[in-house]
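# Fold and geometry: a report
Given next are the chains, with one letter for each unit.
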Amino acid sequence: QDSSETGASHPLDWVELHDVPEALRSQRCISCEGRYIDPLADADRQSSPDLSDIDARATRSELREGIAEFYGGVEVTQGYRQLSADSATLDREARSAELRGDIVLREPGLLLRGDLAHIESQSGEADISNSEFVLHEQHMHGTADLLERDENGVLHVHQGVITYCAPGENDWLMRAREMKLDVEEGLGTAYGARIDVAGVPLFYTPWLQFPLDDRRRTGFLWPEFGSDTQGGVDISAPFYFNLAPNYDLLYAPRFIEERGLSHEATARFLHPSVGMWQVGGAYMSNDERYKDDYPDETSHDRWLAIVRQNGLFNQRWRSRVDYSEASDVNYMKDLDSSSLDSRRRTALLQLASLDYLGDRWLANLDVQQFQSLADDISNDYKKLPQFTLSYRQDGTPFELDPILLAQYSNFDSDDNRVTGSRLYSEAGATYPMQWAYGFLTPTTKYRYLTYDLNDHPRYTDHNPETGSAMAKLDGGLFFDRQTRFGEKSMLQTLEPRLFYLYSQYKEQVDQPDFDSAELTFTYNQLFRETRFSGRDRIDDANQLSVGLTTRLIDEADGREKFNASIGQIYYFRDREVRLSPNDEPLDNSGSEVAGELGFFPNPSMSLRTSLVWDPNTDKMNSGNFIASYQPGGGRLFNLGYSYRRPLTTVNTTQPPTEQAHFSTYLPLARNWRVFGAINYSVEANTSVEDMFGVEYDSCCYRVRLLHLRYYDTDTTPGRNPDFDDPQLEREKSIQIQIVLKGMGGFGNRASGIMRDMIRGFTDSEY
Amino acid sequence: CGFQLRGTGGVAVSEEWRSMYLVTSNPNSEFSREIRARFAANGIQWAEQEEDANYQVVLGPEHFNQRNLSLNSEARAAEFELTMSATFSVRDKQNKLVMPDTTANVLKQMENDPRNVVGKAEEIRILKSEMRAELAQQIMRRIAFFAAASRDG
Amino acid sequence: LPGDKELPIRIEADSALRDENKGITQYEGNVKLDQGSLHIEADRLIIQHQADDARKIEAYGRPAIMRQQPDVDKGVITARGLTIEYFREEERVLLTDEASVEQDGSIARGDVIDYDIPNKLIQVGPKQGDNGSRVHVIIPAQTAQQVQDNQKQDKQAQDAAPDPNQVADPNAPLPAAQAQAEAADGATEGQ
């Protein structure tokens with residue numbers, strides 16, 4: 001008889017979709033065709049029961065010295081707690097109550113029904129026999145022979161059943177001898193638990209944890225099925241152990257048909273004194289297929305070790321470790337099935353770094369090396385270690401800001417390349433001037449570079465050194481005007497910018513190249529003071545960059561609807577300093593024209609494009625275009641195109657890469673969704689990688705089927721395969737993902753591939 | 001064509017908006033320093049304590065992500081796409097939300113060279129610091145224009 | 001108080017009418033009756049008496065009010081009702097229509113309240129036959145002070161037996177810090 005205002009009331013507060021107010025129609029509500037609505041949702045949580053009056057109504061009542069009896073439609077409220085029953089006895093001394101017959105106990109977020117109950121009004125402890133209960137926010141309901149609540153509010157469900165499905169549907173449920181539901185901690189624990197799917201008992205476990213909100217990834221994980229031409233059928237059954245609020249363990253035995261059994265585990269530990277640690281790894285002894293492919297390898301065990309750490313200690317010391325090591329170069333290619341990007345990696349980063357974030361100074365200590373994952377590429381230089389000390393500018397206008405930097409690096413290498421140490425330093429000053437209408441920033445500095453090289457045939461001078469002065473002047477003006485875009489009033493800005501750079505030429509042919517590369521030419525390059533990354537070359541330069549930016553800004557909320565920039569560098573001298581001594585100087589008098597454009601008509605649409613055009617050859621050197629549209633309701637559309645002529649890579653003989661991209665995630669009818677992505681090589685007019693999939697997303701479970709085709713890195717030496725090379729066969733992979741909603745899940749293979757290939761896709765666990 | 005130099009009629013941050021306090025999980029990180037510098041360059045005074053600032057800028061951590069943009073014919077990454085984003089909001093003295101959670105993001109592309117991993121790692125480091133500067137500039141502009149809009153609105 | 005019955009009864013009223021053969025006395029107009037701690041106020045009061053002992057008192061008012069202190073350490077009980085009937089031998093009070101009884105801040109309201117003083121039993125219910133308005137009882141929250149007293153007692157009990165599952169949790173929960181840490185972790189330097 002507790003008539004909630006939204007139509008006939010369901011005993012478990014379940015409201016059908018058409019009766020649910022618009023604002024409460026979450027994605028889940030739609031797929032469940034309804035939701036629990038808690039009548040006490042906006043009750044005042046401050047009025048805690050133990051400090052509130054007991055207000056009781058009934059047909060009849062008998063009041064004795066300490067006992068009050070109530071009969072007939074008893075309704076009791078105490079603060080935000082509401083009770084109703086056929087009859088009740090309140091003991092005023094013991095502050096306890098016994099309720100009998102058609103009992104309803106309500107508190108915000110909780111509904112308990114039963115036929116006999118005892119409750120301590122002081123501590124909230126209660127027990128209810130053959131109870132039915134609902135946790136509204138957890139979207140869970142269940143039954144129990146006996147339901148107890150202890151003084152911390154933890155529910156103990158004896159001989160109970162819980163499910164996240166809509167009442168009446170039993171797609172799957174969990175039955176357990178005993179369950180502890182701790183909403184405060186957000187964690188449920190079940191003992192002697194059995195999972196029934198569509199009434200069929202499928203899985204038994206003596207102990208199991210599951211999340212009660214999305215704060216924690218935990219609990220039972222349905223096995224992942226898949227098959228891949230790299231290894232055949234691939235099944236892994238993850239077990240998640242939530243050992244304590246600050247450390248957990250995931251262990252997943254994985255069976256791969258053509259390879260064998262691999263043990264994968266990841267442990268995470270968090271403590272303010274040591275930061276966040278994640279240590280993981282995988283081990284497979286005797287990989288059958290690897291033995292056939294590479295019979296003469298000494299060992300056929302495959303393993304991977306990963307150590308990650310992030311720490312910030314009293315806001316000053318910041319540490320980071322990102323170390324991965326694999327047993328062999330093909331490990332990622334053969335065994336990493338959850339991400340295409342990481343499968344194609346050509347090197348594993350092995351880094352440990354410590355920074356001191358001072359007010360005036362930033363000190364950084366790096367130890368970095370890479371493990372090559374390609375047998376045609378040797379391991380790159382290792383920094384063992386590199387120490388950098390730099391002055392932290394604060395950029396306050398009309399104040400001289402010093403520039404001071406010193407870096408000592410010691411480079412080592414496994415191959416017979418030159419090794420040694422390098423000292424690079426900078427000293428100078430900048431004087432930023434800033435007005436509302438513009439800015440002007442003169443800067444000058446002197447750079448000094450010296451080496452201490454070990455013996456090497458090509459480097460007779462063990463201590464090459466270079467010193468060079470640099471001066472730059474960066475200035476710009478801000479013009480704006482009122483204008484209209486459609487019917488909206490807009491502010492349009494026009495921002496011309498000039499950047500003059502002069503840098504003394506010093507010959508540097510006898511210097512090695514430890515960590516430098518030529519920077520990709522983009523609009524940003526116009527305003528950089530160097531053409532090289534790393535510290536092995538000091539540019540020679542005498543050039544003027546001219547750039548122009550315009551923006552359209554919505555006057556109502558300051559949001560930038562449109563921006564576009566274009567610019568070019570005019571060279572007044574040839575650039576003689578090159579990475580390798582036998583490269584010719586660059587003699588063109590003008591750089592390519594670089595442009596960027598961004599158009600964001602509304603929050604759900606965005607379009608970005610950038611272009612580099614070479615006026616000498618009248619050709620596009622690089623260009624790309626990315627448009628994405630997220631109209632809401634989970635719908636996602638992306639369209640992309642990218643073109644690049646390889647200029648700065650070592651072998652520029654490769655053809656330009658020209659690829660188009662399309663990806664979408666499209667909810668169809670209420671529970672069905674389709675998704676897909678394709679990266680299409682225009683120059684070879686074939687798909688480089690494509691994926692499509694279908695998903696049935698019901699109220700309490702989700703099944704996802706995904707099919708992926710991709711090209712594998714083919715490193716047979718001497719071949720320069722184009723994608724349209726007929727013998728280049730495609731790899732295929734099929735993944736099945738089942739998620740029992742509410743039991744917590746994990747980003748896994750299918751979600752990993754989708755995140756990689758569908759821009760903007762994020763997988764909601766719940 | 002109607003363009004005037006700014007400050008002669010264009011957008012200037014009003015006096016009331018000039019005193020701010022930065023709420024961030026790491027006040028000494030490069031990103032927080034970049035935000036402080038950008039705002040200071042546009043006349044904002046950063047208060048040391050929350051109480052004596054008119055507005056609080058609540059700054060989330062920077063999120064950096066790198067993905068393959070295109071593949072070369074060896075099916076290796078030919079180009080990377082780097083994205084950096086940060087979410088921020090603005091509250092007034094009474095801690096009331098004045099500007100709701102807004103996410104600023106910056107997107108860059110760069111050419112990859114599988115045979116020069118260390119050099120390209122250094123390029124990523126340069127791009128990251130440029131993206132941090134652009135992100136801070138974007139946040140500064142968003143708040144400045146929001147302040148101007150809310151003043152006349 | 002238990003001794004009230006031996007004390008003399010004082011009654012004030014605008015007018016009084018004694019009817020010997022019916023054995024009743026009727027008082028009219030803001031009637032006040034006092035006997036020790038017993039105090040009755042009403043518009044009209046009728047006393048039925050045998051010999052000169054008041055056997056039953058009927059009070060009518062809008063509402064009629066009856067106050068008494070049942071015991072020396074007990075709070076005063078205030079009863080109200082359109083009709084109050086006080087049966088002195090049985091020490092029983094019957095309140096009908098808009099009846100309510102208050103003691104130490106707790107209130108009981110209903111159509112009919114039957115108060116048996118010696119047994120300290122108050123029965124609240126509807127009139128015979130119709131289901132009328134429901135009974136409404138309010139029991140005051142323990143004052144904050146009483147709550148502390150209880151908790152102090154509980155605490156002493158608890159200290160004696162340490163709580164087994166009290167897990168010392170010295171550090172931040174994993175998830176919150178995890179999210180922040182994951183953000184910084186997102187950076188991948190090499191490729």
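Residues numbered from 1 in each chain as written. Chains lettered and ligands numbered in written order. Predicted model: local features only at pLDDT ≥ 70, side-chain atom pairs only at ≥ 80, totals over all residues. Heavy atoms only, no water.

## Topic: the overall build of chain C
When helices and strands are tallied, chain C shows two helices and ten strands. For chain C, the succession of helices and strands along the chain, N to C, is β-β-β-β-β-β-β-β-β-β-α-α. Out of the 191 residues belonging to chain C, those deemed buried represent 43%. Residue pairs in contact within chain C that sit at least 24 positions apart in sequence constitute 35% of those at least 6 positions apart. With an accessible surface of roughly 10400 Å², chain C has 51% of that area assigned to carbon and sulfur atoms. (Helix = DSSP H or I, 4+ residues; strand = E, 2+ residues; numbered from the N terminus. Buried < 20%, exposed > 50% of the residue type's maximum accessible area, 1.4 Å probe, protein only. Contact = heavy atoms within 4.5 Å. Areas by Shrake-Rupley, 256 points an atom, 1.4 Å probe, with all protein chains shown as cover.)

## What about the nonpolar core?
Among the nonpolar cores identified, the biggest contains 76 residues, and Phe133, Met140, Met174, Leu181, Phe210 and Met743 of chain A together with Leu45 of chain C are the most heavily contacted of them. Filtering out sequence-adjacent residues up to four positions away, Phe133 of chain A remains in contact with Leu111, Leu112, Met140, His141, Gly142, Thr143, Ala144, Leu147, Val157, Val161, Ile162 and Leu181 of chain A. Within the second largest apolar cluster, 34 residues are counted, among which are Phe88, Met110, Met131 and Ile143 of chain B. (Core = buried A, V, L, I, M, F, W, Y, C linked by side-chain atoms within 4.5 Å.)

## Some remarks on helix H1 (residues 30-41) of chain B
Taking 1.5 Å per residue as the helical rise, H1 of chain B with its twelve residues ought to reach 16 Å, and the 16 Å between its terminal C-alpha atoms agrees with that figure. Gly43 of chain B sits one or two positions beyond H1 of chain B and adopts a positive phi of about 85 degrees. (Expected span 1.5 Å × (residues − 1).)

## Some details on the environment of Tyr164 of chain A
Residues and elements named next belong to chain A. Structurally, Tyr164 is set in the loop between strand S11 (155-163) and strand S12 (172-182). Its relative accessible area of 0% is what places Tyr164 among the buried residues. Expressed as a C-alpha distance, the spacing of Tyr164 and Gly742, which sit 578 residues apart in the sequence, is 6.3 Å.

## Brief notes about empty space enclosed by the protein
This model, assessed by the stated rule, comprises nine cavities of 30 Å³ or more. In this structure, the largest cavity occupies an estimated 260 Å³ of space. What lines the largest cavity is a set of 22 residues, and nearest its centre among them are His661, Asn679 and Arg759 of chain A together with Asn68 and Leu69 of chain B. Of all the secondary structure elements, the ones that give two or more residues to the lining of the largest cavity are helix H4 (340-343), strand S39 (619-632), strand S40 (635-644), strand S41 (657-667) and helix H5 (749-757) of chain A together with strand S5 (63-71) of chain B. (1 Å grid on protein atoms, 1.4 Å probe; cavity = no way out; pocket = protein on both sides within 12 Å on 5 of 7 lines; lining within 4 Å. Points joined across faces, edges and corners; volume = space filled by probe spheres on them.)

## Let's talk about the environment of Arg134 of chain C
As for its placement among the helices and strands, Arg134 of chain C is situated in the loop between strand S9 (121-125) and strand S10 (135-139). Taking the C-alpha atoms as reference points, Arg134 of chain C and Val72 of chain C, separated by 62 residues in sequence, lie 33 Å from one another. Sequence-distant contacts of Arg134 of chain C, that is, excluding residues within four places in its chain, are made with Arg57, Ala58, Thr59, Gly72, Gly73 and Glu75 of chain A together with Arg109 of chain C.

## Here's the deal with the packing of aromatic side chains
According to the stated counting rule, one finds 22 aromatic pairs over all chains in the structure shown. Between Phe499 of chain A and Phe527 of chain A, the ring centres sit 6.0 Å apart and the planes meet at 85 degrees, which makes this aromatic pair edge-to-face. Taken together, the residues Phe499 of chain A in strand S32 (residues 488-503) and Phe527 of chain A in the loop between strand S33 (517-518) and strand S34 (532-533) connect sequence positions 28 residues apart. Between Tyr523 of chain A and Phe527 of chain A, the ring centres sit 5.4 Å apart and the planes meet at 70 degrees, which makes this aromatic pair edge-to-face. Residue class for Tyr523 of chain A comes out buried when judged on its relative accessible area of 8%. You can call Phe527 of chain A buried: its relative accessible area is 13%. Members of the aromatic cluster, connected to one another through ring pairs, are Tyr381, Phe411, Tyr451 and Phe514 of chain A. Note that Arg302 of chain A overlies the ring of Tyr290 of chain A, its terminal NZ or CZ placed 4.0 Å from the centroid. In this structure, Arg44 of chain C is placed above the aromatic ring of Tyr60 of chain C, and the distance from its NZ or CZ to the ring centre is 4.5 Å. (Phe/Tyr/Trp six-rings, centres within 6.5 Å; stacked < 30°, edge-to-face > 60°. Lys NZ or Arg CZ within 6 Å of the ring centre and 35° of its normal.)

## Quick look at the state of the cysteines
Residue and element names in this part refer to chain A. This model, assessed by the stated rule, comprises two disulfides over all chains. Covalently, Cys32 is tied to Cys699 through a disulfide, its sulfur atoms 2.0 Å apart. As the torsion about the S-S bond is roughly 90 degrees, the Cys32-Cys699 disulfide counts as right-handed. Linking Cys32 in helix H1 (residues 27-32) with Cys699 in the loop between strand S43 (686-697) and strand S44 (701-711), this pair joins segments that are 667 residues apart in sequence. Sequence-ordered numbering of the bonded cysteines in chain A gives a pairing of 1-3, 2-4. (Disulfide = S-S within 2.5 Å.)

## Examining H5 of chain A
Counted residue by residue, H5 of chain A has eight buried out of nine residues, so it is predominantly covered. Of all the residues in H5 of chain A, the buried ones are Arg749, Ala750, Ser751, Gly752, Ile753, Met754, Asp756 and Met757 of chain A.

## Concerning unusual backbone geometry
For the peptide bond that leads from Leu384 of chain A to Pro385 of chain A, omega is -5 degrees, which places it in the cis range. Tracing the chain through its elements places Pro385 of chain A in strand S25 (residues 382-391). In this model, Arg62 of chain C is joined to Pro63 of chain C through a cis peptide bond whose omega is -10 degrees. Secondary-structure assignment places Pro63 of chain C in strand S5 (residues 53-68). A positive phi angle, near 45 degrees, is found at Gln159 of chain A, a position not held by glycine. In this fold, Gln159 of chain A is placed in strand S11. For Gln315 of chain A, which is not glycine, the phi torsion reads 60 degrees and is therefore positive. Relative to the helices and strands, Gln315 of chain A is located in the loop between strand S21 (302-313) and strand S22 (317-326).

## A closer look at the interface of chain B and chain A
Listed by partner, the interface residues are 61 residues for chain B and 93 residues for chain A. Contact with chain A buries area across many residues of chain B, yet Phe3, Arg6 and Glu111 of chain B alone supply 12% of it, more than any other trio. One salt bridge connects Glu79 of chain B with Arg644 of chain A, and the closest N-O pair in it is separated by 2.8 Å. For the interface between chain B and chain A, the tally reads 26 residue pairs in polar contact (both at pLDDT 80 or more). Those elements that place two or more of their residues in the side of chain B that touches chain A are strand S1 (4-5), H1, S5, strand S6 (77-92), strand S7 (97-111) and helix H2 (117-152) of chain B. A total of 16 residues in the side of chain B that touches chain A trace back to one element, the largest contributor, which is H2 of chain B. (Buried area = accessible area lost by both parts, 1.4 Å probe. Salt bridge = Lys/Arg side-chain N within 4 Å of Asp/Glu carboxyl O. Polar contact = N/O pair within 3.5 Å; in protein donor to acceptor, adjacent residues only side chain to side chain.)

## Details of the side chain of Glu518 of chain A
Secondary-structure assignment places Glu518 of chain A in strand S33. Of note is the side chain of Glu518 of chain A, whose polar atom sits 3.0 Å from the side chain of Arg578 of chain A.

## Examining the pairing of strand S15 (residues 224-228) of chain A
All names here are of chain A. Alternating residues of S15 divide into Glu224, Gly226 and Asp228, all buried, and Phe225 and Ser227, none buried. Bridging between S15 and strand S16 (residues 232-236) involves five bridges; their strand directions are antiparallel. From the neighbouring strand, Gly226 faces S16, where its bridge partner is Asp234. Count of turn residues in the S15/S16 antiparallel hairpin: three residues. When S15 meets strand S45 (residues 730-740), the two strands line up antiparallel, connected through four bridges. Bridging from a neighbouring strand, Phe225 pairs with Ile736 of S45. (Pairing = 2+ DSSP bridges.)

## Here's the deal with the side chain of His141 of chain A
All names here are of chain A. Mapped onto the fold, His141 is located in strand S10 (residues 140-149). Residue His141 is classed as buried on the basis of its relative accessible area, which comes to 10%. Not counting residues up to four positions away in its chain, the partners in contact with His141 are Leu12, Tyr36, Phe133, Val134, Val161, Ile162, Thr163, Cys165, Ala166 and Pro167.

## Examining the confidence of the model for chain C
Caution is warranted with low-pLDDT regions, since their predicted coordinates should not be read in detail. All names here are of chain C. Across chain C, the average pLDDT comes to 74, with 71% of residues at or above 70. Here helix H2 (residues 174-185) stands out as the element of chain C with the lowest mean pLDDT, 36, in contrast to strand S6 (residues 77-87), whose mean of 91 is the highest. In the model, residues 158-191 has pLDDT below 50 throughout and makes 59 contacts with residues more than four positions away in sequence or in other chains. Reported confidence for the predicted complex is 0.76 by ipTM and 0.79 by pTM. (pLDDT = per-residue confidence, 0-100.)

## Some details on the confidence of the model for chain A
Mean pLDDT over chain A stands at 88; residues scoring 70 or higher make up 94%. Contacts for the low-pLDDT stretch residues 1-7 of chain A, under 50 throughout, to residues beyond four places or in other chains number seven contacts.

## Remarks on a negative patch on the surface
Taken together, the side chains of Asp461, Glu465, Glu507 and Asp510 of chain A define an acidic patch exposed on the protein surface. Tracing the chain through its elements places Glu507 of chain A in the loop between S32 and S33. (Patch = residues over 30% accessible without salt bridge, like charges linked within 9 Å, V, L, I, M, F, W, Y side chains within 5 Å. Lys, Arg positive; Asp, Glu negative; His and termini not counted. Charge placed at Lys NZ, Arg CZ, Asp CG, Glu CD.)

## Points about the pairing of S43 of chain A
All names here are of chain A. S43 sits mainly inside the fold: nine of its twelve residues count as buried. Sheet topology places strand S42 (residues 672-681) next to S43; ten bridges connect them, and they run antiparallel. Of the residues in S43, the one forming a bridge with Ala677 is Met691. Remark: four residues form the turn of the hairpin made by S42 and S43, two consecutive strands paired antiparallel; Asn685 in that turn has positive phi of roughly 25 degrees.

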